[in-house]
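# A structural walkthrough
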Number of protein chains: 2
Amino acid sequence: MAGTDKTRGVPEGADFGQGPAVILVAPQLGENIGACARAMLNCGLIEMRLVAPRDGWPNPKATAMASGADVVLERAQVFETTAEATADLDYVLATTARPRDMVKAVLTPRAAAAECRSRIAGGGRPGILFGGERSGLVNEDVVLSDAVVQVPLNPSFSSLNLAQAVLLMGYEWFQSGSDTPAVAVPGSDSPATVEQREFFFTRFEAALEESGFLFPPELAPTIKRNLRNLFNRAGLTDQEVRTLHGVVKSLRGR
Amino acid sequence: MAGTDKTRGVPEGADFGQGPAVILVAPQLGENIGACARAMLNCGLIEMRLVAPRDGWPNPKATAMASGADVVLERAQVFETTAEATADLDYVLATTARPRDMVKAVLTPRAAAAECRSRIAGGGRPGILFGGERSGLVNEDVVLSDAVVQVPLNPSFSSLNLAQAVLLMGYEWFQSGSDTPAVAVPGSDSPATVEQREFFFTRFEAALEESGFLFPPELAPTIKRNLRNLFNRAGLTDQEVRTLHGVVKSLRGR
């Protein structure tokens, strides 16, 4: 399963090296490391660092759970301590759900992503620490960091598993660089012109007039306006306008 | 493990009923349903609906994976079809990674969360559809929805597992909690429920069948789907649905 395609998931010309390093500190289960790799690649992050993985490295269980994100696992570097794993970085974030008895800036994932973007743009090398499954990061890891990241979640039920924490951080990283519009209308079909819409409405209203729907006459303008409004809200395509012409004609029995 | 504390994770006085319903369509593994419940409660969402879960319901494997989110599983409702599961909702989003041959607005999770907030503030009842592990949502589910949600991710490696998709949508829901303005719903008219919409479509299609529009028969499913899609995009109100019933009846000359 591993290694069949070492570049799968990495688009031609992609410069994913320019993301923050994801540093898993004392991870336990290989499955979770694999799930983290998948979440990272989902978000265009490929630099994974492992601090003292309990079950050694490489770990075939990680590969099985990575769902094809082999490129991340194969590049993963292993270190003995968090200090070594972050030695070449110049900005370190520590993800932790628990408030610490420590004066430290606390960022949301969104703010943390923006901070990483601007540091990378300025030539910096940021990284994000994630604690192991059992106890998360220890104070020594947090102290080493520049700031803490906390995910705003249900305060009564905020515990995330490792891969989900990586996913949320990676998601915000990807969103902070994405120019995806908030709303898009896909399809090869082109929107109808106002002229096409109006021509349909004219025909439609004539059919309604003929069938007696626009009654009493004093209400006709309101009925027409409401029907136009309804169809215009849908953002009709030209193909849909043609279909609607057919519908009216057919219902009238012609 | 299950049921020891039925209110764990729900803060005193919390009104989590006011979130969008999370509808899992044809989910397969109980473990994944449990992981979804955990992700939902992380994000303050407690209304889960299941459409035809493959392994029946309740499912002890779901409880084992829910990590204490029992309150979500215990309230979960089971339905046979997506239409039944959404009948009382008035705004339905379909999460899908695949572009469909269908003209439909596409929202990011962030925009979708804002839309749900606005609708709930206006008294609406939104829900979000998630497809099963194997093949995701089918076209019939997507056509039933008002809009599609796509998560902007690495285009070469965008596949998320079920619980991660739920987590990202829930995360944006939770983040949107603070600064989303209430929507202005003009007039006293309220959005039609899916049940009202579906009832109209049934009548409409029967009239089209009778008038010979659904010809040739092999094209009928596509024609019906496109018409449903067009009207669902408009976000029909209940008054408009009544008007459309009248339009069809009148055009048929009855």
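This write-up is about the structure you can find in this document. (Residues numbered from 1 in each chain as written. Chains lettered and ligands numbered in written order. Predicted model: local features only at pLDDT ≥ 70, side-chain atom pairs only at ≥ 80, totals over all residues. Heavy atoms only, no water.)

### Describing the interface of chain B and chain A
Listed as interface residues are 68 residues of chain B and, on the opposing side, 69 residues of chain A. When the buried surface of chain B facing chain A is broken down by residue, B:F157, B:Y171 and B:L251 rank first, second and third, together holding 15% of it. Between chain B and chain A we count three salt bridges in total. Measuring nitrogen to oxygen at the nearest pair gives 2.9 Å for the salt bridge that ties B:E172 to A:R110. For the pair chain B and chain A, the number of links is 23 residue pairs in polar contact (both at pLDDT 80 or more). Secondary-structure elements contributing two or more residues to the side of chain B that touches chain A are helix 1 (30-42), strand 5 (106-107), helix 5 (109-121), helix 7 (162-175), helix 8 (194-211), helix 9 (220-233) and helix 10 (238-251) of chain B. In terms of residue count, helix 7 of chain B provides more of the side of chain B that touches chain A than any other element does, eight residues in total. (Contact = heavy atoms within 4.5 Å. Buried area = accessible area lost by both parts, 1.4 Å probe. Salt bridge = Lys/Arg side-chain N within 4 Å of Asp/Glu carboxyl O. Polar contact = N/O pair within 3.5 Å; in protein donor to acceptor, adjacent residues only side chain to side chain. Helix = DSSP H or I, 4+ residues; strand = E, 2+ residues; numbered from the N terminus.)

### Topic: the packing of aromatic side chains
Evaluated as defined, the whole model comprises twelve aromatic pairs over all chains. With a centroid separation of 5.9 Å and 80 degrees between ring planes, the pair formed by A:F200 and A:F231 is classed as edge-to-face. Within this pair, whereas A:F200 is found in helix 8 (residues 194-211), its partner A:F231 is found in helix 9 (residues 220-233), the two being separated by 31 residues in sequence. The class of A:F200 is buried, set by a relative accessible area of 1%. With a relative accessible area of 3%, A:F231 lands in the buried category. Taking the centre distance of 6.4 Å and the plane angle of 50 degrees together, the rings of B:F201 and B:F231 count as tilted. Of the two residues, B:F201 sits in helix 8 while B:F231 sits in helix 9, which places them 30 residues apart along the sequence. B:F231 matches B:F201 in its accessibility class, with the two residues each being buried. These aromatic residues form a ring-pair network of at least three members: A:F200, A:F201, A:F204, A:F231, B:F200, B:F201, B:F204 and B:F231. (Phe/Tyr/Trp six-rings, centres within 6.5 Å; stacked < 30°, edge-to-face > 60°. Buried < 20%, exposed > 50% of the residue type's maximum accessible area, 1.4 Å probe, protein only.)

### Topic: the state of the cysteines
Here the structure, examined in full by the defined rule, presents zero disulfides over all chains. Here B:C36 stays unpaired: no disulfide links it, and the sulfur of B:C43, its closest cysteine neighbor, is 11 Å away. (Disulfide = S-S within 2.5 Å.)

### Considering the pairing of strand 1 (residues 21-25) of chain A
Residue and element names in this part refer to chain A. Among the five residues in strand 1, five count as buried, and that is most of the element. Burial along strand 1 is two-sided: A21, I23 and V25 and V22 and L24, pointing in opposite directions, are all buried. Note that the unit made of strand 1, helix 1 (residues 30-42) and strand 2 (residues 48-51) has a crossover that is right-handed. (Right-handed = clockwise from strand over helix to strand, strands pointing away.)

### Quick notes on the environment of A:L244
With respect to the helices, strands and loops of the structure, A:L244 is situated in helix 10 (residues 238-251). You can call A:L244 buried: its relative accessible area is 3%. Other than its neighbours up to four places away in sequence, A:L244 contacts A:F200, A:F231, A:L236, B:L227 and B:L230.

### Notes on the sheet that holds strand 6 (residues 126-131) of chain A
All names here are of chain A. Pairing is parallel across the open sheet formed by seven strands, whose spatial order is 3-2-1-6-4-7-5. At either margin of the open sheet sits one strand with a lone partner, and together these are strand 3 (77-79) and strand 5 (106-107). Those strands touched by helix 1 are strand 1 and strand 2, and its axis lies near 155 degrees from that of strand 2. Packed on one face of the sheet, helix 5 (residues 109-121) meets strand 4 (91-95), strand 5, strand 6 and strand 7 (147-149) and runs near 165 degrees to strand 4. (Pairing = 2+ DSSP bridges. Axes fitted to C-alpha atoms, helices over the stretch in contact; angles between N-to-C directions.)

### Here we look at the nonpolar core
Among the nonpolar cores identified, the biggest contains 90 residues, and A:L24, A:M48, B:L24 and B:M48 are the most heavily contacted of them. Among the elements that take part in this core, helix 7 (residues 162-177) of chain A stands out by supplying ten residues, more than any other. Setting aside residues no more than four positions away along its own chain, B:M48 makes contact with B:V22, B:L24, B:I33, B:C36, B:A37, B:M40, B:V72, B:L73, B:R75, B:A76 and B:Q77. Core analysis: the next-biggest nonpolar cluster, separate from the first, contains 40 residues, A:F204, A:L230, A:L251 and B:F204 among them. (Core = buried A, V, L, I, M, F, W, Y, C linked by side-chain atoms within 4.5 Å.)

### A few points about the pairing of strand 6 of chain A
All names here are of chain A. Counting buried positions along strand 6 gives six out of six residues, so the element sits mostly inside the fold. Burial of the side chains of strand 6 extends over both faces: P126, I128 and F130 are buried on one face and G127, L129 and G131 on the other. Bridge count between strand 1 and strand 6: five bridges; the pairing is parallel. Bridge assignment links I23 to a residue of strand 6, and that residue is L129. Sheet topology note: the strand 4/strand 6 ladder contains four bridges and is parallel. What sits directly across from L93, in strand 6, is I128.

### So, the side chain of B:E47
Residue and element names in this part refer to chain B. Looking at where E47 falls in the secondary structure, it is placed in the loop between helix 1 and strand 2 (48-51). A distance of 2.7 Å separates a polar atom in the side chain of E47 from a polar atom in the side chain of R49. Polar contacts involving the side chain of E47 include one to the side chain of R125, which spans 2.8 Å.

### Notes on the side chain of B:Q175
Note that B:Q175 resides in helix 7. Given a relative accessible area of 16%, B:Q175 falls into the buried group. Every residue in contact with B:Q175, bar those within four places of it in the chain, is listed here: A:R110 and A:P152.

### Description of the packing of helix 8 of chain A against helix 10 of chain B
Across the interface, helix 8 of chain A lies against helix 10 of chain B with an axial gap of 9 Å and an inter-helix angle of 70 degrees. In terms of their interaxial angle, helix 8 of chain A and helix 10 of chain B are classed as roughly perpendicular. Handedness of the helix 8 of chain A/helix 10 of chain B crossing: left-handed. Contacts between helix 8 of chain A and helix 10 of chain B involve A:F204, A:A207, A:L208 and A:S211 from the first element and B:V247, B:S250 and B:L251 from the second. Class assignment of the residues belonging to the contact of helix 8 of chain A with helix 10 of chain B gives a composition of five nonpolar, two polar and no charged. (Parallel < 35°, antiparallel > 145°, perpendicular 65-115°, else oblique. Left-handed = near helix turned anticlockwise from the far one by under 90°. Nonpolar A, V, L, I, M, F, W, Y, C, P; charged D, E, K, R; others polar.)

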